[in-house]
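So the chains spell out like this:
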Amino acid sequence: MDEREARRAKLQRLREKGVDPYPHRFDRSHTIAEARRLGEEAGDDAEPARVRLAGRLTAIRRMGKASFAQLEDQDAQIQLYLTVDKTEDFQSFKELVDRGDMVGVEGTFFVTKTGELTVQAERFVLLAKALQPLPEKYHGLRDVETMRRQRYLHLIADSEARQLFKKGSRIVLLVRAFLDQRGFVEVRTPTLQPIYGGAAARPFRTYHNELKRDLYLRISPELYLKRLIVGGLDRVYEIASVFRNEGIDSHHNPEFTLLELYQSFADYTDMMKLTEEMVRFVAQEVNGSLTLPARSVDGHEVEIDLGPPWRRLTYLDAIKEYAGVDVSTVATRDEALAAAAGAGLTVTELQELTWEEVLGRLFDERVERRLVEPTFIMDYPAALCPLTKRHRSDPRLAERFEPFVAGMELGNAFSELSDPEYQAAQFALQRERAQSGDEEAHPTDDDYVTALEYGLPPTGGLGIGLDRLVMLLTGAASIRDVILFPLQRASGG
RNA sequence: GGGCCGGUAGCUCAGUGGCAGAGCAGCGGACUCUUAAUCCGUCGGUCGGGGGUUCGAGUCCCCCCCGGCUCACCA
C-alpha cells in the first residue's frame, strides 16, 4: 500500500472515531528546551514534574505494548514513552499515528536505564495529521534542489537548517540594535517606484492598471533615503528587499535584502568606521568570536579576523599589488589594454570597453577573490560613481569604498554627492550612456535633483548586502543557503 | 551562454547492452527500556521528458527540461 494512501486511511479512521485531526489549539506548558532544563534540574528525587509539550514526531520505535518516540520542536527534541497501561488510548497511537504527525502530549519525566530523560506520556492529542511521508530518518534530505523548492521539508528534516535561518534572523535583529544605539531611525520607502535608481542594474518592470503607468521594483532605496536626509532626518536606514534583473549564481539572487543607511555630516571615512564596528558587534554577539574560518585563493585554510581596523587599500593600489599593474600611470584606453594584456587577460574580449571598464575587469579577475582579510577598497574611478562626491584631493577619483571579506563584496559606500548642478550633469552623462546602449545606466530623477537644490548636508552613505553578511557569519557557501525561498526555475521533468 | 557532474521506489543510494535492485519508510505479524530498535513476511517504478541505434536500452547516440560546481556575463 502506498504510504500516502495508508495515511489517508488512518485520517479517515480517526474522523470515524470522532477525533479532530486538525484541532484549533493546544496549551503547552513548556517548549521542549525548557522542559529538558526542568527535567534535568529535577533529578530523580523530586516530585516528577508534569509537562504538556507539543511538536512533531520524528521517530517512532514501536513494541507490542509500548513505544518510544522522538518529539521535536523548533529548538530541541525529547524522547516520549507510551505504554498500554499508562497512556490513554494507546491503541490509537499504535495504529493511527505516524512519523511526521504533529502531536501534543501530557506526562511526567523519568530517566531510562540508559540515562535518557524521557516523558512518560499519559495522554496524547493529534495536532495535525501528516499525509506526506518524511525524508529518510538517518540520511535525512540530501537533495539540494528539494531543500530549496520545499524549504518546509528541509526545515522539518534538518534542525541545523532551522538554527541557521534563526541565526540569519538574529543577525538582522543585531544590525537593528546596533543602529538604534547610534540614533538611526528605521524607515520604509517605496518598493514600487516610478523611476528606479541608486545602483547600476536592470530593473523588473510592472504596471499599475488604475494609474495606467509603468512602475519598477526598486533596485535600491538610495534616492528616497537621501531625500529624507534633505528633510532633516539626521540618520536613517532601511532594510529593503531589492530586485535586480540579472543572473543567478552563488552570490546573486534576483531578490535580496539590502541595508542602506545615511548619516548627516559624515563622509566615507565615517562609514568605514561604522562598517567595522557594526560587523564587530554583530559577529561578537552572534558567534561569540571575531574570527572565522575561510579558504584563501590558493586553497589554504586561513582564519579571518573581523576585528577593526580593517585594511584600507585604494582601488589603484589594489590593482598594482594584486594584478601587478601600476595604473596610476595609465591614462588612456590603449594603455589600459596593454596593462591588461600584461596581467594575462585576453585583450580581444576587452576591445570595446572603456578604460575604467578594463580596470574593472582587472580588478574582478585578479583582485577581488584575493581579498580574504577584511579590506576596504577605496577611491574608485569617478566615471563609475554618478552619485558620489569627487575625491577631495584627486578629481579623477570618487570617495567611494567597498568592503571585502573572504573574497566577497559585502557592500558599497560613499561620500554622497550633494551638489545639485553636478548631480544634474551626472544624470545627463547617464542619459548619454543609456542612449548608447548601456542598460544599466541610471535614469534621470528630476525630483531628486530638486531635493538636492534644497540642500543635502554632507552625508555618508553605506549599503550592506545582508544576505552576504549572513553568509559570512554562518559560513554558507551559497546565497541560496541563507535565503529561505530563493528564485528557482519552474521545476522541469 | 560555455565546460564538467548529477536526475533510478516516498527518502538515501547501487545498477556501464541481456529478468529494474538494496537499506530506510509503508503494509501484515511478534515484541513493555528502545534510541539508525530487533526478528519474520510483504507491497512499492513515467529509470527527468522526447526521439534514435539495436533482436534487446536505466545503460549507447541526438534534442529538450531541472539542479549542482565552474568559467563568462552581471555590482
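Given the structure is predicted, the values throughout are model-derived calculations rather than measurements.

Caption draft 1: How the structure looks around empty space enclosed by the protein. Scanning the model with the defined rule gives one cavity of 30 Å³ or more in all. By volume, the largest cavity amounts to about 40 Å³. If you trace the largest cavity, you find it lined by Gln 193, Ile 195, Tyr 196, Gly 197, Ser 220, Pro 221, Glu 222, Leu 223, Tyr 224, Arg 227 and Asp 445. Per-element tally for the lining of the largest cavity: the top contributor is helix α7 (residues 222-230), with four residues. Tallied by class, residues from the lining of the largest cavity come to five nonpolar, three polar and three charged.

Caption draft 2: Broad picture of the pairing of strand β1 (residues 50-62). Relative to strand β4 (residues 102-111), β1 runs antiparallel, the two being bridged by seven bridges. In the sheet register, Gly 55 faces β4, and the bridge partner there is Val 103. The pairing of β1 with strand β2 (residues 66-72) spans six bridges and is classified as antiparallel. Across the sheet, residue Ile 60 finds its bridge partner in β2, namely Ala 69.

Caption draft 3: Examining the sheet that holds strand β8 (residues 204-208) more closely. Pairing within the open sheet is antiparallel, and its three strands lie in the order β7-β9-β8. Of all the strands in the sheet, just β7 (192-193) and β8 have a single pairing partner and so form its edges. With two bridges joining them, β7 and strand β9 (residues 213-217) adopt antiparallel strand pairing. Its bridge partner being in β9, Leu 192 is matched across the sheet by Leu 217.

Caption draft 4: Molecular detail of the side chain of Glu 402. By the secondary structure assignment, Glu 402 is in strand β17 (residues 394-405). A distance of 2.9 Å separates polar atoms of two side chains, one belonging to Glu 402 and the other to Arg 400. What Glu 402 contacts, discounting residues up to four positions off in sequence, is Thr 375, Phe 376, Ile 377, Tyr 380, Glu 409, Gly 411 and Asn 412.

Caption draft 5: Looking closely at unusual backbone geometry. The omega torsion across Pro 308 and Pro 309 is 0°, close enough to zero to call that bond cis. Examined against the element boundaries, Pro 309 turns out to sit in the loop between β13 (301-305) and β14 (311-314). Even without glycine at this site, Phe 265 takes up a positive phi of about 70°. At Asp 379, a position not held by glycine, the phi torsion is positive, near 70°. Turning to its location among the elements, Asp 379 is positioned in strand β15 (residues 375-381).

Caption draft 6: Structural view of helix α2 (residues 32-42). Of all the residues in α2, the buried ones are Ile 32, Ala 35 and Gly 39. Viewed along the axis of α2, the buried residues span an arc of 55°, placing them on a single side of the element. Across from the buried face of α2, at angles greater than 90 degrees, the exposed residues are Arg 37, Glu 40 and Glu 41. Close packing links the buried residues of α2 with β1, β2, β3 (77-83), β4 and β5 (117-128).

Caption draft 7: A look at the protein's contact with RNA strand B. Around RNA strand B lies a shell of 54 residues, among which Lys 113, Thr 114, Lys 137, Glu 145 and Glu 440 are the nearest. At 3.1 Å, a backbone N or O of Asp 143 approaches a phosphate oxygen of RNA strand B. Within the side chain of Arg 489, an N or O atom sits 2.8 Å from a phosphate oxygen of RNA strand B. When contributions to the surface near RNA strand B are tallied by element, the ones reaching two or more residues are α1 (3-16), β1, β2, β3, α4 (144-149), α11 (355-367) and β17. Looking at which element gives the most residues to the surface near RNA strand B, the answer is α1, with four residues. Its residues placed into classes, the surface near RNA strand B shows 14 nonpolar, 11 polar and 29 charged.

Caption draft 8: Expanded view of the sheet that holds β5. On the basis of which strands lie adjacent, the closed barrel formed by five strands has the order β1-β2-β3-β5-β4 and mixed pairing. When the angles between neighbouring strand axes are averaged without regard to direction, this sheet yields 55°.

Caption draft 9: View of the environment of Leu 290. Topologically, Leu 290 is positioned in the loop between α8 (268-287) and β12 (291-295). Spatially, the C-alpha atoms of Leu 290 and Ile 304 are 8.1 Å apart, while their sequence positions differ by 14 residues.

Caption draft 10: Quick look at the side chain of Thr 83. Tracing the sequence through the fold places Thr 83 in strand β3. Reaching out from Thr 83, the side chain makes a polar contact with the side chain of Asp 85 at a distance of 3.0 Å. Excluding its chain neighbours within four sequence positions, the residues that come into contact with Thr 83 are Lys 65, Ala 66, Phe 90 and Gln 120.

Caption draft 11: Structural view of the environment of Glu 399. Note on placement: Glu 399 falls in strand β17. We classify Glu 399 as buried; its relative accessible area is 2%. Between the C-alpha atoms of Glu 399 and Leu 290, which are 109 residues apart in sequence, the distance is 28 Å. Excluding residues within four positions of it along the chain, Glu 399 makes contact with Tyr 268, Asp 379, Thr 388, Lys 389, Arg 390, His 391, Arg 392, Ala 413, Phe 414 and Ser 415. A distance of 2.6 Å separates a polar atom in the side chain of Glu 399 from a polar atom in the side chain of Arg 392.

Caption draft 12: Summary view of the confidence of the model for chain A. Mean pLDDT over chain A works out to 91, with 92% of the residues at or above the 70 mark. Scoring of the predicted complex yields 0.93 for pTM and 0.91 for ipTM.

Caption draft 13: Geometry of the packing of helix α12 (residues 420-435) against helix α13 (residues 446-453). For the pair α12 and α13, the least separation of the axes is 9 Å and the interaxial angle reads 165°. It follows from the interaxial angle that α12 and α13 lie roughly antiparallel. α12 and α13 meet at a crossing whose hand is right-handed. Along the contact surface, α12 presents Pro 420, Gln 423, Ala 424 and Phe 427, while α13 presents Tyr 448, Val 449, Leu 452 and Glu 453. Its residues assigned to classes, the contact of α12 with α13 shows six nonpolar, one polar and one charged.

Criteria and cut-off values
Residues numbered from 1 in each chain as written. Chains lettered and ligands numbered in written order. Predicted model: local features only at pLDDT ≥ 70, side-chain atom pairs only at ≥ 80, totals over all residues. Heavy atoms only, no water. 1 Å grid on protein atoms, 1.4 Å probe; cavity = no way out; pocket = protein on both sides within 12 Å on 5 of 7 lines; lining within 4 Å. Points joined across faces, edges and corners; volume = space filled by probe spheres on them. Helix = DSSP H or I, 4+ residues; strand = E, 2+ residues; numbered from the N terminus. Nonpolar A, V, L, I, M, F, W, Y, C, P; charged D, E, K, R; others polar. Pairing = 2+ DSSP bridges. Polar contact = N/O pair within 3.5 Å; in protein donor to acceptor, adjacent residues only side chain to side chain. Contact = heavy atoms within 4.5 Å. Buried < 20%, exposed > 50% of the residue type's maximum accessible area, 1.4 Å probe, protein only. Arc of directions from axis to C-beta. Near = heavy atom within 4 Å. Axes fitted to C-alpha atoms, helices over the stretch in contact; angles between N-to-C directions. pLDDT = per-residue confidence, 0-100. Parallel < 35°, antiparallel > 145°, perpendicular 65-115°, else oblique. Left-handed = near helix turned anticlockwise from the far one by under 90°.

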